[in-house]
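What follows is the residue order along each chain.
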Amino acid sequence: MTKYSSKFRAQVVQEYLSGRVSYNTLCTKYSMPSKTPIMKWVEQARTHGLESLQRKHTKTVYSLEQKLAVVDYYQTSGAGMISVAAHFGINASQVAAWVKIFKTEGVAGLKPKPRGRRPKMKHKKPKQAKKLGCV
């Protein structure tokens, strides 16, 4: 369950983009502890539109190339995590996680890991049928 609904996020972003209120005013109006979420939402809406604030109900699996592109863009552009996340349409915490993994483990850490439980028994190779030759 999300902390803020998609409808609420869109409403707050539209209020900010109207130009009449600041981040701090919105924080106090909606009793939010920090202005950081609002800043993230606004950046994402400016880059990808208000539709991008809708919650996705499916799990997205990213390829190694996509992860490397995000990490490379972060390291070369000099942009912050929020800007990079908005540029690629992903969560800023995901960018931070990939950058941290890349710094500690390298490319191997970003490769997809096998899912599920390992098999306990080894699969036996089927015996080959003996060839019957005519003499």
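Preceding this section is the structure that the text describes.
Each chain carries its own residue numbering, running from 1 in the written order of its sequence. Local features in this predicted model are restricted to residues of pLDDT 70 or higher, and side-chain atom pairs are both shown and tallied only at a pLDDT of 80 or more, whereas totals for entire chains, interfaces and linings draw on every residue. No hydrogens and no water enter the side-chain calculation; it runs on all heavy atoms of the structure.

**Student:** Account for the overall build of the protein, with residues named and values stated.
**Tutor:** Starting at the N terminus, helices and strands are each numbered in turn, a helix being any DSSP run of H or I of at least four residues and a strand any DSSP run of E of at least two. Scanning the protein for helices and strands turns up seven helices and zero strands. Each helix and strand of the protein, ordered N terminal to C terminal, gives the series α-α-α-α-α-α-α. Note on method: radius of gyration uses C-alpha positions; expected globular size equals 2.2 Å times residues raised to 0.38. Whereas a compact globule of 135 residues would reach a radius of gyration of roughly 14 Å, the protein reaches 24 Å, over 25% beyond that. A principal-axis box enclosing the C-alpha atoms of the protein has dimensions of 95 × 35 × 25 Å. Taken across its 135 residues, the protein has 27% of its residues classed as buried. If you take every contact in the protein between residues at least 6 apart in sequence, the share linking residues at least 24 apart comes to 53%. Throughout, the Shrake-Rupley method with a 1.4 Å probe supplies accessible areas, and for residues the shown protein chains are the sole cover considered. Accessible surface, the protein: about 10,800 Å² in total, of which carbon and sulfur atoms supply 55%. A residue counts as positive if it is Lys or Arg and as negative if it is Asp or Glu; His and the chain ends are not included. Note on charges: their place is set at NZ of Lys, CZ of Arg, CG of Asp or CD of Glu. Taking the average place of the 26 positive charges on the side chains of the protein and the average place of its 6 negative ones, the gap between the two points comes to 17 Å. Type-normalised accessible area, obtained with a 1.4 Å probe on protein chains alone, sets the label of each residue: buried when under 20%, exposed when over 50%, and partly exposed for intermediate values. Should any heavy atoms of two residues lie within 4.5 Å, those residues are counted as being in contact.

**Student:** Help me get a handle on helix H4 (residues 64-77), residues and values and all.
**Tutor:** To estimate how far a helix should reach, multiply one less than its number of residues by 1.5 Å. For H4, with 14 residues, the first-to-last C-alpha span of 20 Å sits near the 20 Å given by 1.5 Å per residue. Turning to H4, its buried residues number three or more, namely Leu64, Lys67, Val70 and Val71. One face of H4 carries all of its buried residues, which in axial projection span an arc of 135°. Away from the buried face of H4 by more than 90 degrees, exposed residues Glu65 and Thr76 are located. On its buried face, H4 sits against helix H5 (81-88), helix H6 (92-105) and helix H7 (107-110). Taken from the residues just after H4, glycine 78 is the one with a positive phi, measuring 80°. Starting at the helix axis, one direction is taken to each C-beta atom, and the arc is that of these directions.

**Student:** An account of unusual backbone geometry is requested, with residue identities and associated values reported.
**Tutor:** Non-glycine residue serine 31 carries a positive phi angle of around 55°. By secondary structure assignment, the location of serine 31 is in the loop between helix H2 (23-29) and helix H3 (36-48).

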